[in-house]
Amino acid sequence: MRDRELVKRFQNGDEEAFDELVKRHYTSTLGLLSRLSGNSMDGDDLCQEVFIRVYRGLKRFKSQSQFSTWLYRISVNVANSHHRKEKVRKLFFSGHEPENLPEVEPAEPRELDPEMWDAIQQLPQKQKMVLTLRIFQELRFKEVAAILDMTENSAKVNYHHAIKRLKERLGEK
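The notes below deal with the structure included here. (Residues numbered from 1 in each chain as written. Predicted model: local features only at pLDDT ≥ 70, side-chain atom pairs only at ≥ 80, totals over all residues. Heavy atoms only, no water.)

A few points about the packing of aromatic side chains
Here comes step 1: The final tally for this structure, using the stated rule, is eight aromatic pairs.
Here comes step 2: Ring geometry for Phe10 and Phe18: centres 5.6 Å apart, planes at 45°, overall tilted. Of the two residues examined, Phe10 and Phe18, each falls in the buried class.
Here comes step 3: Note on Phe18 and Tyr55: the rings are 5.0 Å apart at their centroids and 80° apart in plane angle, and the pair reads as edge-to-face. (Phe/Tyr/Trp six-rings, centres within 6.5 Å; stacked < 30°, edge-to-face > 60°. Buried < 20%, exposed > 50% of the residue type's maximum accessible area, 1.4 Å probe, protein only.)

As for helix H7 (residues 141–148)
Since there are 3.6 residues in each turn of an α-helix, residues three or four apart along the chain are aligned in direction.
Here comes step 1: Most of H7 is tucked away, with six of its eight residues classed as buried.
Here comes step 2: Every buried residue belonging to H7 is among Phe141, Glu143, Val144, Ala145, Ile147 and Leu148, and all of these are buried.
Here comes step 3: A positive phi of about 55° marks Asp149, the residue just after H7. (Helix = DSSP H or I, 4+ residues; strand = E, 2+ residues; numbered from the N terminus.)

Focus: the side chain of Thr29
Here comes step 1: As for its position among the elements, Thr29 is in helix H2 (residues 15–37).
Here comes step 2: Among all residues touching Thr29, those that are not within four sequence positions of it are Cys47, Val50, Phe51, Leu71 and Ser75. (Contact = heavy atoms within 4.5 Å.)

With respect to the nonpolar core
Here comes step 1: Judged by nonpolar contacts, the single largest core of 43 residues is most densely connected at Val54, Leu58, Phe67, Leu133 and Leu148.
Here comes step 2: Breaking this core down by element, the ones donating at least two residues are helix H1 (3–11), H2, helix H3 (40–57), helix H4 (67–94), helix H5 (114–121), helix H6 (125–136), H7 and helix H8 (152–169).
Here comes step 3: If you tally residues by element for this core, the top one is H4, at eight residues.
Here comes step 4: Sequence-distant contacts of Leu58, that is, excluding residues within four places in its chain, are made with Val7, Phe10, Gln11, Phe18, Leu21, Phe67 and Trp70. (Core = buried A, V, L, I, M, F, W, Y, C linked by side-chain atoms within 4.5 Å.)

Topic: the pattern of salt bridges
Here comes step 1: Tallying each qualifying case throughout the model produces six salt bridges.
Here comes step 2: The shortest N-O distance in the salt bridge between Asp3 and Arg24 comes to 2.8 Å. A residue pair is termed long-range when its members are at least 10 positions apart, and Asp3 in helix H1 and Arg24 in helix H2 qualify at 21 residues.
Here comes step 3: With a shortest N-O distance of 2.8 Å, Glu49 and Arg53 are connected by a salt bridge. Separated by four residues within a single helix, Glu49 and Arg53 lie in helix H3, roughly one turn from each other.
Here comes step 4: A relative accessible area of 36% means that Arg53 is categorised as partly exposed. (Salt bridge = Lys/Arg side-chain N within 4 Å of Asp/Glu carboxyl O.)

If you want it as C-alpha cells, here you go:
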C-alpha cells in the first residue's frame, strides 16, 4: 500500500494506517535526525517530536506533495529548532560566543570515519542539511529543494560548497 493511501485511511479514522506510516519511515527519519543533530540520543528525541507533529497535522495534509517530502520538511524544521535552541543553551550556560563553541562529538553514524564526520558537523547548517539529504537520504536535488524550501539551483550550490569545504578541511584538492 502506498503512503498516499495510508494517509487517506488515517484521515478517515484508521489509526493503524498511522502506525504503518511510522514503521515505514521511522528508520530513515531517525537516521536523518541523528546526522543533523550530531548524536543518536538527540536524534531519537527529535524523531519522536517529528512523529507527534505528523500525527497532529496529518488530518490537514492535502497530498499536494508526497508524504515523504512533507515528513522531511517537518524533520528539517524540528532539527533547525533544535539547532537554534542548542546554540542559545550553550551560550547561556557556557558564556561563549555560539560561533566559538566546540561541536559535540557525534555518537552516530559510525559508518563514517571520525575525521569525515567531524568535518560534516563543522559545515554551516544549510550546507549540512543539503549534503545529508542528498548523500545519506539519497534524494534528488529537486526533492532536497522542496524539503528545504529553496530553489533546485540553490540546493546544488549549497551541496557543491559543502563538498568543497569538506575537501579543503580534509586536505584534498
